[in-house]
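For reference, the chains in residue letters:
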Amino acid sequence: MASASELLKSYQPSFSLPSLPIVPDTNPRACVLDQFRTAIAQLLSDSLGIPIEQAYNGVDYGKKGEDFTVALPRFRLPGKPDQIAQKVIEKFTPDEYLESVVLDKAFLHFRLNSSNMIRAVLTQVHELTHVLPKSSTDPGIYGSNSLGEGKRVIIEYSSPNIAKSFHVGHLRSTIIGAFLTNLYKSCGWDVISMNYLGDWGTQFGLIASGYEKYGNQEALEADAIKHLFDIYVQVNKDAEADPEVKVQAAAWFKRMEDGDESALSNWRTWRALSIKKYESEYKRLNVDFDVYTGESEVSKESIDKALARLDELGLIEDSNGAKLINLEKYKLGKAVVRKKDGTSIYLTRDIGGAIERYEKYKFDKMIYVVSSQQDLHLAQFFKVLELMDYEWAQPAKQSLLHINYGLVQGMSTRKGTVVFLNQIISEAANVMHEQMQKNEEKYNAVIDPETVASEVGITGVKIQDMAAKRINNYTFNWDRMLSFEGDTGPYLQYAHVRLASLERKNPHLLPLAPPSELKLELLAAPHTSSQARDIAFLLGSYPDVVKTALKTHEPSGVVTFAFRLAHAISSAWDAVSVKSLGEEEREKASARLFLYFSARDVLASALRLLTIRPLDRM
Ligand code: ARG
């Protein structure tokens, strides 16, 4: 299957407007609004004598009711804003791109040619969704771009610790990381998604000694994650009562680090079974990984090499036999890099791991999706790589990126605190299921309520998590996130289901003709309310929403877009209705249906980008 970049290159839209110069970094084949913005830029460039690129950069989305707005002071031209504006206004004549321009203080508001904008956008949505990618299972590439062509990124996320609890921090990393994976892919990057398990460290010495006492093969096979956690809790209690337990555990871990096979074989089984269990849970979340790796996989050699190099650079200090790295000069404190008994630690493994990854994958960028609680850790470890003089680790390259996020309070189920990922998944499904049962009539009409409840429940969790800026803390609230009212996941699924139902309810209009044969100008007719136009314009802005997300690494912009679209659709529902039109208005009905199908395609794309599976019925 060809990549999105390749497909975009080969795409020839069936609808075209007079040709315009191509402004660098724009791509009308991927985002037709680029072409309309270019028309504005050309007018500004001709009338004000500024380069077209500069003019283009001054064209912003307008506030509600305006398409694009230009803040004139931005060009720093001599003269008063209204004299400058007059030059533009004098030169303006309505054409195939632009309908009008209005001066408002120092701003010029441009309105696009409605018919052409609607036709251009809807044709593009349709062709990039349904015509270009030939396979019926392919969701299409509208919204995609080629910004990352030829570049490779490693995105490390989720990264839970074996035998410890899967906490909300891991859940957020999983949700945000999976979103970033989709985002980079849709921007043409070659993405390697990676789960870096906490599968190494002294705690495995503890579990090993606990396993001798409490281990049970059957329980392990039934649910490795839970069994190992239980043992870990037990043995920690034992260790509190008897200091000897810790000494033994440390000795055991030392044997593991020295590669003693007899100390490693149980651990290998635990790890494999834990991964298997995680994989099935990730699958329910619509998340997957190209690579499962972990702290255990960082080789001793690369750690030793790194430490030797740091020593050479004079960055290592000795402290009672342990080794410290002094980063005080950079306000990053001091950190232990090797314990007294010679075993490695978290920080050192990250340093060695990054070097190995570069050698293996030659990435252009590597992203770590880790809670802001580890800001210092990430800053230390990036600094160390920089000091070691790796070219790829120099800050100017911007290739190492820590994507952090805030805390979540109060994540619990009705049975108590959450310790495992599957508890979150099943609680979401259960709470949603009960919610659905409250409306008996509707509930009975649902074909597979369990699956629907689970998908909608997971959507609720994800949307709540991604609705605000990553760095914000929030409080986990089942009722709020799973309500059908307000800006919630269930509301978005409902909006999609409603659009999907149009296909089932209008068989007499199907199949629709291709856009070139539809009277889409009927959607722009002045007597129709502006709702249809608003929806089309919003759909046209989706590729920009994706681009912005790539810059900010924030899912919230995509969530906001999905809500705006869902609201626009719901306020159009009566004014731009399909069902109220009779047979004599078939052309209008078809045009409206086409608009809603396009809206559905884009809403589905936005949801998929957010790792959500859009539902057709619920
Ligand atoms: N396993 C770690 C934890 O649970 C997170 C790992 C983050 N990634 C990294 N390369 N340090 O805290």
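Residues numbered from 1 in each chain as written. Predicted model: local features only at pLDDT ≥ 70, side-chain atom pairs only at ≥ 80, totals over all residues.

If you check an unreviewed UniProt entry, the protein appears there as arginine--tRNA ligase from Coprinopsis marcescibilis. Comment text from UniProt for the protein, heading Sequence similarities (unreviewed entry), reads "Belongs to the class-I aminoacyl-tRNA synthetase family." (UniProt positions renumbered as here; feature names shortened; annotations may be inferred.)

(A) Looking closely at the pairing of strand 2 (residues 68-71). Because side chains alternate across strand 2, one face comprises the buried residues Phe68 and Val70, and the other comprises Thr69 and Ala71, none of which is buried. Two elements, strand 1 (residues 59-61) and strand 2, share 3 bridges in a ladder whose sense is antiparallel. Across the sheet, the residue bridging to Tyr61 is Phe68, located in strand 2. Where strand 1 folds back onto strand 2 in an antiparallel hairpin, the turn is made up of 6 residues, including Gly65, whose phi is positive at roughly 90°. As paired strands, strand 2 and strand 4 (residues 107-112) are joined by 4 bridges and run antiparallel to one another. Looking at strand 4, one finds that Thr69 is bridged to His109. (Buried ≥ 20, exposed ≤ 12 C-beta atoms within 10 Å, placed from the backbone. Helix = DSSP H or I, 4+ residues; strand = E, 2+ residues; numbered from the N terminus. Pairing = 2+ DSSP bridges.)

(B) Region of interest: the site of the ligand. Residues in contact with the ligand, as listed here, are Glu156, Ser159, Asn161, Tyr196, Gly198, Asp350, Tyr368 and Val370. Among the residues making up the shell around the ligand, the classes are represented as 3 nonpolar, 3 polar and 2 charged. (Near = placed C-beta within 6 Å. Nonpolar A, V, L, I, M, F, W, Y, C, P; charged D, E, K, R; others polar.)

(C) Representation of the packing of helix 5 (residues 114-131) against helix 22 (residues 586-609). The contact between helix 5 and helix 22 brings their axes to 10 Å, and the two run at 55°. Judged by the inter-axis angle, helix 5 sits oblique to helix 22. Helix 22 is crossed by helix 5, and the crossing has left-handed handedness. On the side of helix 5, the interface is formed by Leu122, Val125, His126 and Thr129, while helix 22 contributes Phe594, Leu595, Ser598, Asp601 and Val602. (Axes fitted to C-alpha atoms, helices over the stretch in contact; angles between N-to-C directions. Parallel < 35°, antiparallel > 145°, perpendicular 65-115°, else oblique. Left-handed = near helix turned anticlockwise from the far one by under 90°. Contact = placed C-beta atoms within 7 Å.)

(D) Layout of the sheet that holds strand 8 (residues 316-319). Across the sheet, which stays open at both edges, the 3 strands sit in the order 8-9-10 with antiparallel pairing between neighbours. For this open sheet the edge positions go to strand 8 and strand 10 (334-338), each flanked by a neighbour on one side alone. Each adjacent strand pair in this sheet contributes to an overall mean axis angle of 40°, direction not counted. Sheet analysis places strand 8 next to strand 9 (residues 322-326), joined by 4 bridges and oriented antiparallel. Bridging across to strand 9, Ile316 finds its partner in Ile325.

(E) Just the sheet that holds strand 5 (residues 152-156), in detail. The parallel open sheet is built from 5 strands, whose spatial order is 7-6-5-11-12. A single partner strand is all that each edge strand has here, and the edge strands are strand 7 (291-294) and strand 12 (400-403). Averaged over all pairs of adjacent strands, the angle between their axes in this sheet comes to 25°, without regard to strand direction. Where strand 11 (residues 365-369) meets strand 12, 4 bridges bridge the pair, whose relative direction is parallel. Within strand 12, the residue paired with Val369 across the bridge is Ile403. Contacts from helix 13 (residues 346-361) reach strand 5, strand 6 (190-197) and strand 11, with the element oriented near 145° to strand 5.

(F) Region of the structure containing the confidence of the model for the protein. Per-residue confidence for the protein averages 94 on the pLDDT scale, and 98% of its residues sit at or above 70. Interface confidence for the predicted complex, expressed as ipTM, amounts to 0.99; the pTM equals 0.96. (pLDDT = per-residue confidence, 0-100.)

(G) Region of interest: the packing of helix 19 (residues 489-505) against helix 21 (residues 556-572). The interhelical angle for the contact between helix 19 and helix 21, taken along N-to-C directions, is 45°, at an axis separation of 10 Å. Considered as vectors, helix 19 and helix 21 are oriented oblique to each other. Helix-helix and strand crossings are classified by hand; for helix 19 and helix 21 the assignment is left-handed. Here Tyr491, Leu492, Ala495 and Leu499 of helix 19 come into contact with helix 21, specifically with Ala562, Ala566, Ile569 and Ser570.

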